[in-house]
Amino acid sequence: MEILLIRHGESEGDILQVHEGRADLLLTDHGRRQAKEMAKVVKENYMPEVIWASTLKRARETAEILSQETGIPVTEEDSLREFNNGVLAGLPYAEAKLRYPEPEGGRKPHEPIEEGESELEFRFRAQTVFSKILVESAGKKRIAIVSHGGMISNLLRAFLNLPVLSDTYFPTGDTGIHLLKLNGTQKVVMFMNDCGHLEKVDSEQPVVQSS
């Protein structure tokens, strides 16, 4: 089985410079163009049989654009949502720093953000949903999972059997694509964070002239 991990396109949160996490914001027009270019590449080169998606709007909308291009329906999964950042969701970075400063020495992995979850809970959630998806997708040649940067990083840790407290991170750009392969007990990383399809979208971005 091949597994595509795909991050959502640019969201309103990126423009507003707020803590996103569970803030349920839509894609920007630029993010929709990114998703359309991603979908063309996936259809041409990595056609999936199943599309799984986070239920947060920015990921679900990205998955729907992929679905429209490929004709493959979307299966929504709540557990693919981004890190539950509780009281920080939707707050501007500067305001969050004043209202909810980081504990001295940083927050411990088992300590949840107020009204949110801990890093350990996030990792275990990713491990659980990844296992569920693989079981329910048994017999498929290729599946796609559309989610968020933090979740994708944890899905990759789960795939690679990295320690729960691993400090290894896997950044993913807007609509970045990772391709993994399961061949029996063998696990292969085919490529990571492919954003080549964004070149066309970025070249079409209007240049803002300063006065």
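Here the structure is a predicted model, which means the values were calculated and not measured. (Residues numbered from 1 in each chain as written. Predicted model: local features only at pLDDT ≥ 70, side-chain atom pairs only at ≥ 80, totals over all residues. Heavy atoms only, no water.)

1. Focus: the nonpolar core
In a soluble, globular protein the nonpolar side chains are often hidden away together inside. So the rule is basically this: What makes a nonpolar core is a set of buried Ala, Val, Leu, Ile, Met, Phe, Trp, Tyr and Cys residues whose side-chain atoms join them at distances within 4.5 Å. Only protein chains enter the accessibility calculation, which uses a 1.4 Å probe; a residue is then buried when its area is under 20% of its type maximum, exposed when over 50%, and partly exposed in between. A helix here means a DSSP run of H or I that spans at least four residues, while a strand means a run of E at least two residues long, and both kinds are numbered starting from the N terminus. Pairs of residues are marked as contacts when any of their non-hydrogen atoms sit within 4.5 Å.
Judged by nonpolar contacts, the single largest core of 27 residues is most densely connected at Ile3, Leu5, Leu80, Phe130, Ile133, Ile145 and Leu155. Mapped onto this core, the elements with two or more residues apiece are strand 1 (2-7), strand 2 (50-53), helix 5 (119-136), strand 4 (142-147), helix 6 (149-159) and strand 5 (177-183). Broken down by element, this core gets its largest block of residues, six residues, from helix 6. Setting aside its immediate chain neighbours within four residues, leucine 5 contacts Ile145, Ile152, Leu155, Leu156, Gly176, Ile177, His178 and Leu180. Leu27, Val42, Ile51 and Ala53 belong to the second-largest nonpolar core, a separate cluster that totals 19 residues.

2. Overview of unusual backbone geometry
With phi around 60 degrees, glutamine 17 is a residue other than glycine that occupies positive phi space. Relative to the helices and strands, glutamine 17 resides in the loop between helix 1 (12-16) and helix 2 (29-45). With phi around 55 degrees, asparagine 161 is a residue other than glycine that occupies positive phi space. When you line up the elements, asparagine 161 lands in the loop between helix 6 and strand 5. You can call asparagine 161 exposed: its relative accessible area is 56%.

3. What to know about the packing of helix 2 against helix 3 (residues 57-70)
Applicable threshold: Each axis is a line fitted through C-alpha atoms, taken for helices only over the stretch in contact, and angles between the N-to-C directions span 0 to 180 degrees. Put simply, angles under 35 degrees are roughly parallel, angles over 145 are roughly antiparallel, angles from 65 to 115 are roughly perpendicular, and the rest are oblique. Here a crossing is taken to be left-handed if its near helix is turned anticlockwise relative to the far helix by less than a right angle, and right-handed if that turn runs clockwise. Any residue outside Ala, Val, Leu, Ile, Met, Phe, Trp, Tyr, Cys, Pro, Asp, Glu, Lys and Arg is labelled polar, Gly included; the first ten of those are nonpolar and the last four are charged.
For the pair helix 2 and helix 3, the least separation of the axes is 9 Å and the interaxial angle reads 45 degrees. Accordingly, the angle class assigned to the pair helix 2 and helix 3 is oblique. The interaxial crossing formed by helix 2 with helix 3 has right-handed handedness. Here helix 2 contributes Arg32, Ala35, Lys36, Met38, Ala39, Lys40, Val42 and Lys43 to the contact with helix 3, which in turn contributes Glu61, Thr62, Ile65, Leu66, Glu69 and Thr70. Across the contact of helix 2 with helix 3, the residue classes break down as six nonpolar, two polar and six charged.

4. Describing helix 2
Selection rule: Expected span of a helix, by definition, is 1.5 Å for each gap between consecutive residues, and there is one gap fewer than residues.
For helix 2, built from 17 residues, the straight-helix expectation of 24 Å at 1.5 Å per residue is met to within 8% by its first-to-last C-alpha distance of 25 Å. All buried positions along helix 2 are accounted for by His30, Gly31, Gln34, Ala35, Glu37, Met38, Ala39 and Val42.

5. Section: a nonpolar patch on the surface
Which entries qualify depends on this criterion: Patch membership requires more than 30% relative accessible area and the absence of a salt bridge. Residues of like charge join within 9 Å; the nonpolar side chains Val, Leu, Ile, Met, Phe, Trp and Tyr join within 5 Å. Here the accessible surface of atoms and residues is derived via Shrake-Rupley with a 1.4 Å probe, and residues count as covered only by protein chains that are part of the display. We define a salt bridge as a side-chain nitrogen of Lys or Arg found within 4 Å of a carboxyl oxygen belonging to Asp or Glu.
On the surface, a nonpolar cluster with roughly 290 Å² of combined accessible area is contributed by Phe124, Val164 and Leu165. By the secondary structure assignment, valine 164 is in the loop between helix 6 and strand 5.

6. A look at the packing of aromatic side chains
What characterises a pair of aromatic rings is the spacing of the ring centres plus the angle enclosed by the ring planes. This is how the line gets drawn: Centres within 6.5 Å make a pair out of two Phe, Tyr or Trp rings, where for Trp the six-membered ring is used; the pair is then stacked when the planes are under 30 degrees apart, edge-to-face when over 60, and tilted otherwise. As a reminder, the over-ring test applies to NZ of lysine and CZ of arginine, requiring each to be within 6 Å of the ring centre and within 35 degrees of the ring normal.
As enumerated under the stated definition, the model contains three aromatic pairs in all. When the ring of phenylalanine 83 is compared with that of phenylalanine 122, the centres are 5.3 Å apart and the planes differ by 50 degrees; the resulting orientation is tilted. Pair noted here: phenylalanine 83 is in the loop between strand 3 (74-76) and helix 4 (93-99) and phenylalanine 122 is in helix 5, with a separation of 39 residues, a long-range link. When its relative accessible area of 14% is taken as the criterion, phenylalanine 83 is described as buried. Ring geometry for phenylalanine 130 against phenylalanine 159: centres 6.5 Å apart, planes inclined by 65 degrees, an arrangement best described as edge-to-face. Separated by 29 residues along the polypeptide, phenylalanine 130 in helix 5 and phenylalanine 159 in helix 6 bring together distant segments of the chain. Taking NZ or CZ as reference, arginine 157 lies 4.8 Å from the ring centre of tyrosine 169, over its face.

7. Observations regarding the pattern of salt bridges
All chains considered together, the criterion is met by eleven salt bridges. Across the pair glutamate 117 and arginine 125 runs a salt bridge whose closest N-O atoms are separated by 2.6 Å. The class of glutamate 117 is buried, set by a relative accessible area of 9%. Under the relative-accessibility criterion, arginine 125 is labelled buried at 15%. Connected through salt bridges with shared partners, the residues Asp29, Arg32 and Glu61 form a single ionic network.

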